[in-house]
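# Chain and residue survey
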Amino acid sequence: VCARVCHSPTALGMQRTFGTGAATNSIEDLKHTNCIMVIGANPTDAHPVTGAKLKQFAMKTDNVSIVIDPRKTELAKYATYHLPLRPGTNVAVLNMMMYYILSEGLADEQFISERTEGFEDYKKQLLNIDLDKMEMVSGLDRNLVKEAAIAYASAPNAMSFHGLGVTEHSQGTFAVMQIADLA
């Protein structure tokens, strides 16, 4: 089992970013968060217990929920923001979200300076992305992505869930790393 898990895009992305391929939060954490982002996952079908808890969270009026998925899943129907991207364009959408977080000054500078390396080069690259191209590739209106990014970055406690819709692509490892970087 370990050989397969250790080489999965999720495990590789998490290992490279956090030093461990394990999950970084639990369902219990939903009680303490103000915003969830679900990307490339359909938990109401694939994980009914988790999906029900996420649906309960999404239906609370004071919480923000973002679903990034080409399909209008059950959870997407309740989401504050549904970003129906083209399949395989997760990285483009995550880059757009990070662009807006950085350009709006919403990054946690203290956290970044104390706990990351290479951020200035990373920031320079992100702020130079071609938004027109990202919008065209993803099929999403940049203003919708901007609203979702600002909501995510402005939440006191945000968390994300990703699934096979992210990891089963050629850019799966990079997408998982981007999700971690977004956090």
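These lines cover the structure that appears in this document, whether it is placed above or below. None of these values were measured; they are calculated from a predicted model.

What counts and how
- Residues numbered from 1 in each chain as written.
- Predicted model: local features only at pLDDT ≥ 70, side-chain atom pairs only at ≥ 80, totals over all residues.
- Heavy atoms only, no water.
- Axes fitted to C-alpha atoms, helices over the stretch in contact; angles between N-to-C directions.
- Helix = DSSP H or I, 4+ residues; strand = E, 2+ residues; numbered from the N terminus.
- Parallel < 35°, antiparallel > 145°, perpendicular 65-115°, else oblique.
- Left-handed = near helix turned anticlockwise from the far one by under 90°.
- Contact = heavy atoms within 4.5 Å.
- Nonpolar A, V, L, I, M, F, W, Y, C, P; charged D, E, K, R; others polar.
- Phe/Tyr/Trp six-rings, centres within 6.5 Å; stacked < 30°, edge-to-face > 60°.
- Buried < 20%, exposed > 50% of the residue type's maximum accessible area, 1.4 Å probe, protein only.

## Focus: the packing of helix 6 (residues 90–103) against helix 9 (residues 131–138)
Closest axis-to-axis distance for the helix 6/helix 9 pair is 9 Å, and the angle between their directions is 140°. Regarding the angle of helix 6 to helix 9, the classification is oblique. Two packed elements cross with a definite hand, and for helix 6 against helix 9 that hand is left-handed. Contact residues: helix 6 offers Ala92, Val93, Met96, Tyr99 and Tyr100, while helix 9 offers Leu131, Met134, Glu135, Val137 and Ser138. Looking at side-chain class alone, the contact of helix 6 with helix 9 contains eight nonpolar, one polar and one charged residues.

## Section: the packing of aromatic side chains
Enumeration according to the criterion identifies two aromatic pairs in this entry. A centroid spacing of 5.2 Å and a plane angle of 85° characterise the contact between Tyr99 and Tyr100, whose relative ring orientation is edge-to-face. Judged by centre distance (6.4 Å) and plane angle (45°), the rings of Phe119 and Tyr122 are tilted. Residue Phe119 and its partner Tyr122 are both found in helix 8 (residues 119–127); the two are separated by three residues, about one turn of the helix. Tyr122 sits in the partly exposed class, given a relative accessible area of 21%.

## Description of the packing of helix 6 against helix 12 (residues 172–182)
Contact pair helix 6 / helix 12: the axes reach a minimum separation of 10 Å and the direction vectors enclose 20°. Between helix 6 and helix 12, the angle is such that the two are roughly parallel. In the packing of helix 6 onto helix 12, the handedness of the crossing is left-handed. Contacts between helix 6 and helix 12 involve Asn90, Val91, Leu94, Asn95, Met97, Met98 and Ile101 from the former and Phe174, Ala175, Gln178, Ile179, Asp181 and Leu182 from the latter.

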